[in-house]
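# Analysis of the macromolecular model
Single-letter residue listing:
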Amino acid sequence: MNYTELMEAARPKLGAHCKGCLTCNGRACGNKMPGPGAKGIGDTAIRNYDKWKEIRVNMDTLTERKPVDMSLDFFGKRLKYPIIAGPVGLVALHYSDAYSDITYNDVLVSGCAAEGIVAMTGDGSDPTVMHAACAAIKKAGGMGIPTIKPWGPETLAEKFASVKDSGAFACAMDVDGAGLPFLKVLNTSAGSKSPEELAEIIRNAGLPFIVKGIMTVKGALKAKQAGASAIVVSNHGGRVLDQCPATAEVLPEIVDAVRGDMKILVDGGIRSGVDIFKALAIGADAVIIARPFVTAVYGAGTEGIRVLLQKLAAELEDTMEMCGAHTLEEISRDMVRL
């Protein structure tokens, strides 16, 4: 199966809203929620995609010819590629009932682990979602990152009990989930966290902690103050607030402010190996990609994950080779035009 065949297989299974576009750029799905769209007019998701395309790469083939190594050390794990599958929740609502959150997370975790990377699992108001996600991570030898919504203290305690039992090597919280409508309705103690509240959450987690949803230098510094091991420059895929800047626009200033203090990840509109190269050149340690993994799983399960990763890895390898980088450490900002 190739990537085009994967997309053709996925389209009939994705439900009424996702169009299964060959390139997922936020235009066809627009502002449909439920669905893969966003609140309001949906311009942030589209901007995420467009701004990566405005960055150009600097070709340089006057370099030694040698093999390209795309592997990455990430909190004690050696990942084959600098790619992490992003967390997705309520898949049956936003896509179709071909998968539930439980079955989706199970396939995602096992499929990514088999390909040498890790997945971040989604969370939900139903406690069984986190229990099942953590069970999938445990079955994969801890190769997964449970991602928890910014719930209130009692709910968080229950979630972290499952996380600790999973043997996961890191955990995450998508604080940008505070803008999701369902979170505001279901749990009045859920939502934004102060740096002090976040620091307590990180201490209680007892694992390297990734804070997802950072869009400013100020926010990155707050996460650092709270003790985060990593941040994700993210606007929740453009789903939670209209008229945000794109992640590509704010990444350089955040990298300049905190690189070396924490690991820096980025998501939002990254759809190719060339996009991945651009993010790494600006200074990210790795990227997170979410929606294309949904299409991959719906299209062909674990085989879909393999096909997607082969496509992304081939594009990244080619770009590194053509720009004169043979390891991730050799990728530098002068290899792109901002």
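Above this note sits the structure.
A short tour of the structure in this document, coming up. Since this is a predicted model, take the numbers as computed values, not measurements.

Assignment of secondary structure puts R306 in helix α12 (residues 291-323). Owing to a relative accessible area of 27%, R306 belongs among the partly exposed residues under this scheme. With 192 residues separating them in the primary sequence, R306 and A114 have C-alpha atoms 8.7 Å apart.

Moving on, we come to the pattern of salt bridges. The full count for this structure, using the stated rule, is 17 salt bridges. The salt bridge partner of D165 is K138, with a shortest N-O separation of 3.4 Å. A residue pair is termed long-range when its members are at least 10 positions apart, and D165 in helix α6 (residues 153-166) and K138 in helix α5 (residues 127-139) qualify at 27 residues. A residue is classified by how much of its surface remains accessible, and K138, at 48% relative accessible area, is partly exposed. The closest approach of N and O atoms between D261 and K224, which form a salt bridge, is 3.2 Å. Here D261, found in the loop between α10 (247-258) and β10 (263-266), pairs with K224, found in helix α9 (residues 217-226); they are 37 residues apart in sequence, far enough to count as distant. By relative accessible area, which is 42% here, D261 ends up partly exposed. Within the structure, one salt-bridge network assembled from shared partners comprises K53, D275 and K278.

Next up on the list: the sheet that holds strand β5 (residues 118-121). Taking strand neighbours around the barrel as the criterion, the eight strands line up as β4-β5-β6-β7-β8-β9-β10-β11 in a closed arrangement whose pairing is parallel. Ignoring strand direction, the axes of neighbouring strands in this sheet form an average angle of 25°. The pairing of β5 with strand β6 (residues 145-148) spans two bridges and is parallel. Of the residues in β6, the one forming a bridge with M120 is I145. Strands β6, β7 (171-174) and β8 (209-214) of the sheet are contacted by α6, whose axis makes an angle of about 175° with β6.

On the secondary structure map, S162 appears in helix α6. Excluding residues that lie within four positions of it along the chain, S162 makes contacts with M130, H131 and C134.

What follows deals with the packing of aromatic side chains. Each aromatic ring pair is described using two quantities: the centre-to-centre distance and the angle formed by the ring planes. Overall, the coordinates contain five aromatic pairs when judged by the stated rule. What links up through ring pairs into an aromatic cluster is the set F74, F75 and F169. Seen from the ring of Y49, K53 lies directly overhead, with NZ or CZ sitting 4.2 Å from the centre.

Relative to the helices and strands, V217 is located in helix α9. Between the alpha carbons of V217 and A257 there is a distance of 6.6 Å; along the sequence they are 40 residues apart. Dropping the residues within four chain positions of it, V217 is found in contact with E253, I254 and A257.

Bringing the environment of V129 into the picture now. Residue placement: V129 occurs in helix α5. Note on V129: relative accessible area 8%, which makes it buried. Sequence spacing of V129 and K212 is 83 residues, and the spatial spacing of their C-alpha atoms is 19 Å. In this structure, V129 is in contact with D101, I102, N105, G122, D123 and G124, ignoring residues within four places of it in sequence.

On to the packing of helix α8 (residues 195-205) against α9. How two helices sit against one another is set out by the angle between their axes and by the gap between those axes. For the pair α8 and α9, interaxial distance at closest approach is 8 Å and the crossing angle is 45°. Between α8 and α9, the angle falls in the class oblique. Seen along the crossing, α8 lies across α9 with a hand that is right-handed. Residues P195, E196, L198, A199 and I202 of α8 form the contact with α9, whose own contacting residues are K222, A223, Q225 and A226.

You will see that L90, though not glycine, has its phi angle at about 55°, which is positive. Considering the arrangement of structural elements, one finds L90 in the loop between β4 (83-85) and α3 (91-94). Unlike most non-glycine residues, H236 shows phi in positive territory, near 60°. Under the relative-accessibility criterion, H236 is labelled buried at 12%.

What counts, and at which threshold
- Residues numbered from 1 in each chain as written.
- Predicted model: local features only at pLDDT ≥ 70, side-chain atom pairs only at ≥ 80, totals over all residues.
- Heavy atoms only, no water.
- Helix = DSSP H or I, 4+ residues; strand = E, 2+ residues; numbered from the N terminus.
- Buried < 20%, exposed > 50% of the residue type's maximum accessible area, 1.4 Å probe, protein only.
- Salt bridge = Lys/Arg side-chain N within 4 Å of Asp/Glu carboxyl O.
- Pairing = 2+ DSSP bridges.
- Axes fitted to C-alpha atoms, helices over the stretch in contact; angles between N-to-C directions.
- Contact = heavy atoms within 4.5 Å.
- Phe/Tyr/Trp six-rings, centres within 6.5 Å; stacked < 30°, edge-to-face > 60°.
- Lys NZ or Arg CZ within 6 Å of the ring centre and 35° of its normal.
- Parallel < 35°, antiparallel > 145°, perpendicular 65-115°, else oblique.
- Left-handed = near helix turned anticlockwise from the far one by under 90°.

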